[in-house]
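Structural features, examined
Chain by chain, the residues run as shown.
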Number of protein chains: 2
Amino acid sequence: MVTLADVARHAGVSSSTVSYALSGKRSISRETRLRIERAITDLGYHPNAGARALAGKRSHIIALVVPLHTEVYVPTMMEIAIAVTVAAREHGYDVLLLTNDEGPDGVQRVAASGLADGVILMDVRLDDDRIPVLHAQRTPAALIGLPDDPGGLSCVDHDFAAAGALCADHLADLGHRDIAFIGYGSAVYRRHAGYAERTVNGFRDRAQHRGLRFLHRPCEGSYESTAGTLARILADRPDTTGFVVQNEAAIGPLLSLLRASGRTVPEDASVIAVCPDQLAEQHSPRLTSVTGPKKELGQVAVEQVMARIAALAAGAEPEDELALMPPELVVRESTGPAPHR
Amino acid sequence: MVTLADVARHAGVSSSTVSYALSGKRSISRETRLRIERAITDLGYHPNAGARALAGKRSHIIALVVPLHTEVYVPTMMEIAIAVTVAAREHGYDVLLLTNDEGPDGVQRVAASGLADGVILMDVRLDDDRIPVLHAQRTPAALIGLPDDPGGLSCVDHDFAAAGALCADHLADLGHRDIAFIGYGSAVYRRHAGYAERTVNGFRDRAQHRGLRFLHRPCEGSYESTAGTLARILADRPDTTGFVVQNEAAIGPLLSLLRASGRTVPEDASVIAVCPDQLAEQHSPRLTSVTGPKKELGQVAVEQVMARIAALAAGAEPEDELALMPPELVVRESTGPAPHR
DNA sequence: TTGTAGGCGTTATCAA
DNA sequence: TTGATAACGCCTACAA
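Anyway, here's the lowdown on the structure attached to this text.

Here is what the cut-offs are and how they apply
Sequence positions are assigned chain by chain, starting from 1 and proceeding in written order. Here chains are named by letter from A upward and ligands by number from 1 upward, in the order in which they appear as written. Under the rules for a predicted model, residues below a pLDDT of 70 receive no local features and side-chain atom pairs below 80 are neither given nor counted, while totals for whole chains, interfaces and linings still include all residues. The side-chain figures draw on all heavy atoms in the structure; neither hydrogens nor water molecules are used. Working definition: residue near molecule or strand if any one of its non-hydrogen atoms lies within 4 Å of it. Contacts described as polar in this section are N or O atom pairs within 3.5 Å, which, within protein, must combine one atom able to donate a hydrogen with one able to accept it, while residues neighboring in sequence count only if both atoms come from side chains. Helix and strand definitions follow DSSP, with helices as H or I runs of at least four residues and strands as E runs of at least two, each counted in order from the N terminus. For this scheme, ten residues count as nonpolar: Ala, Val, Leu, Ile, Met, Phe, Trp, Tyr, Cys and Pro. Four count as charged, namely Asp, Glu, Lys and Arg, and the remainder, Gly too, count as polar. Each axis is a line fitted through C-alpha atoms, taken for helices only over the stretch in contact, and angles between the N-to-C directions span 0 to 180 degrees. Roughly parallel means an angle under 35 degrees; roughly antiparallel, over 145; roughly perpendicular, 65 to 115; everything else is oblique. The contact rule is simple, with two residues in contact once any of their heavy atoms fall within 4.5 Å. To sort residues, take the accessible area from a 1.4 Å probe on protein chains only and compare it with the maximum for the residue type: under 20% means buried, over 50% means exposed, and anything in between is partly exposed. Criterion for a salt bridge: a side-chain nitrogen of Lys or Arg within 4 Å of a carboxyl oxygen of Asp or Glu.

For the rest of this paragraph, the subject is the protein's contact with DNA strand C. Around DNA strand C, the structure places 28 residues, and the nearest of them are L4, Y20, Y45 and A55 of chain A together with S27 of chain B. Close to the protein, within 4 Å, the atoms of DNA strand C belong to sugar or phosphate groups at a rate of 55%. Contacts to DNA strand C include L4 of chain A, whose backbone N or O atom sits 2.5 Å from a phosphate oxygen. One of the side-chain nitrogen or oxygen atoms of K25 of chain A is found 3.1 Å away from a phosphate oxygen of DNA strand C. The set of elements that each furnish at least two residues to the surface near DNA strand C consists of α2 (15-23) and α4 (49-56) of chain A together with α2 (15-23) and α4 (49-56) of chain B. Here the surface near DNA strand C gets four residues from one element, more than from any other, and that element is α4 of chain A. Tallied by class, residues from the surface near DNA strand C come to eleven nonpolar, twelve polar and five charged.

Given below as structure tokens:
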């Protein structure tokens, strides 16, 4: 193995000079820098990661904790993970992949051992048991998702309230007056999954503001439960012409059921989904949808940990950031003007 | 930070004793072991990863290189990645996530710096430019996928030939005599993507053996190209009653087109797909499919790198392993007995 | 069964 | 602008 000392010898300088030439932390005469660069390529030198971590007190690694099983659409997860990896590289960092099957211990392990300088948590639950260990270790961290109490942490998530509002606006703009919000199963609300509630709240506020009449109905997503949900909606509000769906599993059944009930989408009923574009494209008709950026979630999370790592190194108090990424509406084929009565 | 020396002091022993107690590389009296364990929990000691890597010449990290864009179904990729991570932990290893946007340099970097002790490559191409650097560095590696020349490497992949054969057998067993194999676009074959050719070859051999008449038609996967492909198949062989599809994109179009041509699946035509179960379940009717294990791919790859890492440490010559995982047929609703003529 | 001591390759402080 | 040199925390022959 080629070491710094080898390079130094080859270039006829001391090893500290080589180190500084590499880190750029002090100025080197043009001439010796060139000699050093020659030596490095000649010998094929690569700095040893372990030694660097030991001496420099930085591993240049961040850990990314991905859920084993999740409600999140897997391709979306993957896209975020890749965005994190690419963004980290731009800071000279590599990414360690952790699964959640170690639970909080995994986070504890990599943080306490100095394996990782910081941690990014995906699929954060409102009351997440990994958060206490982050606090205890004072680990630089960023959460993708919003916990109950984000105090002392940096977080980034979709602005689900804005997503709900966008749905209400779009349908209102098209002239719909009676709207149903088909949400997740009631279990999701009972355990207070943040994104579910934030979406409904955003929708509700905007719907009220726009003078819409609306219903919010939880739905398990199976064909049967969707059928029941739809039947009850139409019984309560026969004039409903707009549907907002957040539960991806309910989308397919809903479209079939509307068709079966003689309603054509979007002529008789408009459907707008809160889901990734990729999913929205898979249905027929292709769904108008509201969704947030994926890559940006990962990028922002990386910026946040990097900021906290830097703060820790500088002995400064890190700032708690909270970034809510604005969603976007993509109009496709499933929404149209409200039918004349 | 709590160090080994702190623990040693607290336990009243030398630091080497603590080190050995942790590694188990020499016997420790029951009594001192207990004192050491006490000290470790009392102080909350966690061995420093950098120091361990430096002194032990092992980072206890393997790199997993995932493709940025791929023809592989993303949830499958994710499942393999997670299986790798979990399996690695069982060997005391963590997983570094690398994307392919650094190309061969990324592999070079982590291997040469000692950041990773070994590498697992996903989505290996036949002529993969990362393979030369693995050889040059003598990096312990395992490939998920089969390259042109697997010499000096360990590989694991689905047994696509067996998958093709399974398809032929299933349709033959059901009495079908004329079968069409709808493959990937011709570009895929032109660049000799291994899995595509291996599947067709396996299918062809078995079909011949079973005395079937068959056609192999490449297909881009769009609705239009699938329509063209199907039309040509039915023109050439009007009696075709069995379809094998490997190109996932063509599945949806094919089902629609068969329906549109008045053929009911599976009464008039049987369709069998070479694709993940999850995809097969999404169609209507749910597709009979052939697919290989995902988790196992990851697990085997981990075993293979571990074996090579151990060999390298022991100064032994690593064995080149080649594991082809047998696929499984799941009969669902899209295949049935051949219709009477 | 336990202790001593040297070394792993970099970083960073202190001098020059 | 450059050089010595002492950490960094752990591992492991070598000694006892």
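The next subject is the packing of helix α1 (residues 4-11) of chain A against α2 of chain A. Residues and elements named next belong to chain A. At their nearest, the axes of α1 and α2 sit 8 Å apart, and the two run at 105° to each other. The orientation of α1 with respect to α2, classified from their angle, is roughly perpendicular. In contact with L4, A5, V7 and A8 of α1, α2 contributes S15, V18 and S19. Taken together, the residues of the contact of α1 with α2 sort by class into five nonpolar, two polar and no charged.

Following V265 of chain A, the chain continues to P266 of chain A via a peptide bond in cis, the omega torsion being 10°. Mapped onto the elements of the fold, P266 of chain A is located in the loop between α12 (248-260) and β9 (270-274). In this model, S284 of chain B is joined to P285 of chain B through a cis peptide bond whose omega is 0°. Structurally, P285 of chain B is set in the loop between α13 (277-282) and β10 (288-291). Positive phi, close to 55°, is recorded for D123 of chain A, a residue that is not glycine. By secondary structure assignment, the location of D123 of chain A is in the loop between β3 (118-121) and α7 (131-137). Unusually for a residue other than glycine, K57 of chain B sits at a positive phi of about 60°. Note that K57 of chain B resides in the loop between α4 and β1 (61-66). According to the relative accessible area criterion, K57 of chain B is exposed, its value standing at 71%.

Attention shifts here to the pattern of salt bridges. For the coordinates displayed, the defined rule picks out 42 salt bridges over all chains. One salt bridge connects R286 of chain A with E333 of chain A, and the closest N-O pair in it is separated by 3.1 Å. Placement of the pair is R286 of chain A in the loop between α13 (277-282) and β10 (288-291) and E333 of chain A in the segment after β12 (328-330), with a sequence separation of 47 residues. A salt bridge links R286 of chain B to E281 of chain B; the shortest N-O distance between them is 2.9 Å. You can call R286 of chain B partly exposed: its relative accessible area is 33%. Connected through shared salt-bridge partners, D277, E281, R286, R332 and E333 of chain A make up one network.

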